[in-house]
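Read off the chains here:
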Amino acid sequence: MNCGRWRRTLDEPAANFWDKRAKQFNESMTQNRERSEKQIAKIELAPEYTVLDVGAGTGRLAIPIAKCVKSVTAIDPSRGMLACLKENMERESVENITHLNKKWEDTELGVDIEQHDVVIASHSLAMPDIQDALVKMDAASKKCVYLFTFAGRWMDGGLWEKIYDEKRSSWSDYIYICNILHDMGIYANVEIWDSEFEQHYAGLDEAVTKLKETYDLPSEKEGILRGYLSKILVDDDDDDDGALSLKRKSKSAMIWWQTNTHEEA
Ligand SMILES: C[S@@+](CC[C@H](N)C(=O)[O-])C[C@H]1O[C@@H](n2cnc3c(N)ncnc32)[C@H](O)[C@@H]1O
């Protein structure tokens, strides 16, 4: 698995990494509501359920889920992401989410949180010991655990290879997670579907600045990014205001299992 450079970015504490990106992440996610709706439609929810969202971020899933269930607990180490979650809750008049500003690995079951009916973790499997994290998610759920991640190449459409001249596979590719679960005696269900992610920019300069920040690219790589973006960005609409959009395709994966039904590892 080749994830060296991206991992280096993640050596920065998760909280700092996401604090810096919170506003941009929040903005881009509000441009992609359909993606969230598609994800939520796959989760079995009921009005009496309690849901635990591990790495809830800005509440992209926690907020719409809270409207369908009794309550949601949102755990996230980034204050910046949680600040967006609180703003989004207010804007959407959602009051049944409690948040905990902690890393999942530092969260103690029975002390910080109780068991919930459903546990979800969406694009947040960045824990250094993923098996430990999965064991705790399984223990924290009374009914079902749902994990969302990618299958195959992540959403950069080859940008990584162009910049670093090396192939990159994500450590959170569904296949690794399924293997770890299998070792734990959990034979999880998997669903994979095509996903499209669209992002709008005022122009090429804004796209370069924002993506440079997202990928944490060193300045000497900016030219490669600019060249790549100038080829793939498309005009947003017919008027001549210079607005551009970036459309990226990827494969999304949902891994899910019912808890307390698997064999002892
Ligand atoms: C890509 S965002 C996804 C947010 C949200 N789940 C979603 O799907 O929109 C990743 C989130 O995982 C959180 N995260 C990173 N490491 C974590 C950890 N060790 N424990 C809990 N959350 C973590 C980050 O702070 C960030 O908010």
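See above for the structure.
Residues numbered from 1 in each chain as written. Predicted model: local features only at pLDDT ≥ 70, side-chain atom pairs only at ≥ 80, totals over all residues.

*Asks:* Would you take a moment to explain unusual backbone geometry for this structure?
*Replies:* Residues apart from glycine generally show negative phi values, whereas peptide bonds are mostly found in trans. Phi is positive for S93, close to 50°, though the residue is something other than glycine. Following the sequence through the fold, S93 ends up in the loop between α5 (79-91) and β3 (97-100). (Helix = DSSP H or I, 4+ residues; strand = E, 2+ residues; numbered from the N terminus.)

*Asks:* So what exactly am I meant to see when it comes to the site of the ligand here?
*Replies:* By nearness alone, 22 residues border the ligand, and A14, G55, G57, S122 and S124 come closest of all. Top element by residues in the shell around the ligand is helix α2 (residues 14-30). It accounts for three residues. A breakdown of the residues in the shell around the ligand according to their chemical character gives twelve nonpolar, six polar and four charged. (Near = placed C-beta within 6 Å. Nonpolar A, V, L, I, M, F, W, Y, C, P; charged D, E, K, R; others polar.)

*Asks:* I tried to follow the nonpolar core on my own but got confused; where do I start?
*Replies:* Soluble globular proteins tend to pack their nonpolar side chains together in the buried interior. Counting residues in hydrophobic clusters, the biggest one holds 46 residues, and the most contacted among them are A62, L85, V119, I120, M137, Y146 and L147. In terms of residues, this core owes the most to one element, α5, which gives five residues. The contacts of A62, once residues within four sequence positions are left out, are D53, A56, V72, A74, L85 and I97. (Core = buried A, V, L, I, M, F, W, Y, C linked by C-beta atoms within 7 Å. Buried ≥ 20, exposed ≤ 12 C-beta atoms within 10 Å, placed from the backbone. Contact = placed C-beta atoms within 7 Å.)

*Asks:* Explain the packing of α2 against α5 to me, please; I cannot follow it from the model alone.
*Replies:* Two packed helices can be described by the angle between their axes and the distance between those axes. Between α2 and α5, whose axes approach to 6 Å, the crossing angle comes to 35°. Touching A15, W18, D19, A22, K23 and N26 of α2 are R79, G80, M81, A83 and C84, all from α5. Considered class by class, the residues forming the contact of α2 with α5 number six nonpolar, two polar and three charged. (Axes fitted to C-alpha atoms, helices over the stretch in contact; angles between N-to-C directions.)

*Asks:* What is the right way to look at the pairing of strand β8 (residues 244-258) in this model?
*Replies:* Regular strands have side chains that alternate between both faces of the sheet. Where strand β5 (residues 141-151) meets β8, eight bridges bridge the pair, whose relative direction is antiparallel. By the bridge assignment for β8, L147 is matched with I255. For strand β6 (residues 189-201) and β8, the ladder comprises 13 bridges, and the chain directions are antiparallel. Residue pairing across strands places V190 opposite I255, the latter belonging to β8. Pairing of strand β7 (residues 234-235) with β8 involves two bridges; the strand directions are antiparallel. Residue D235 lies in a different strand from β8, and its bridge partner there is L244. (Pairing = 2+ DSSP bridges.)

*Asks:* Can you walk me through the environment of K136 in this structure?
*Replies:* Along the chain, K136 turns up in helix α6 (residues 130-140). Residues K136 and E105, 31 residues apart in the sequence, show an inter-C-alpha distance of 8.5 Å.

*Asks:* Just to check I follow, could you spell out helix α8 (residues 174-183) for this structure?
*Replies:* Burial in α8 covers these residues: Y174, I177 and L181. Each buried residue of α8 lies within a common arc of 65° when the element is viewed along its axis, so the set occupies one face. The outward face of α8, more than 90 degrees from its buried face, is lined by the exposed residues N179, H182 and D183. On the buried face of α8, the contacting elements are α6, β5, β6 and β8. Looking one or two residues past α8, G185 carries a phi angle of roughly 85°, positive in sign. (Arc of directions from axis to C-beta.)

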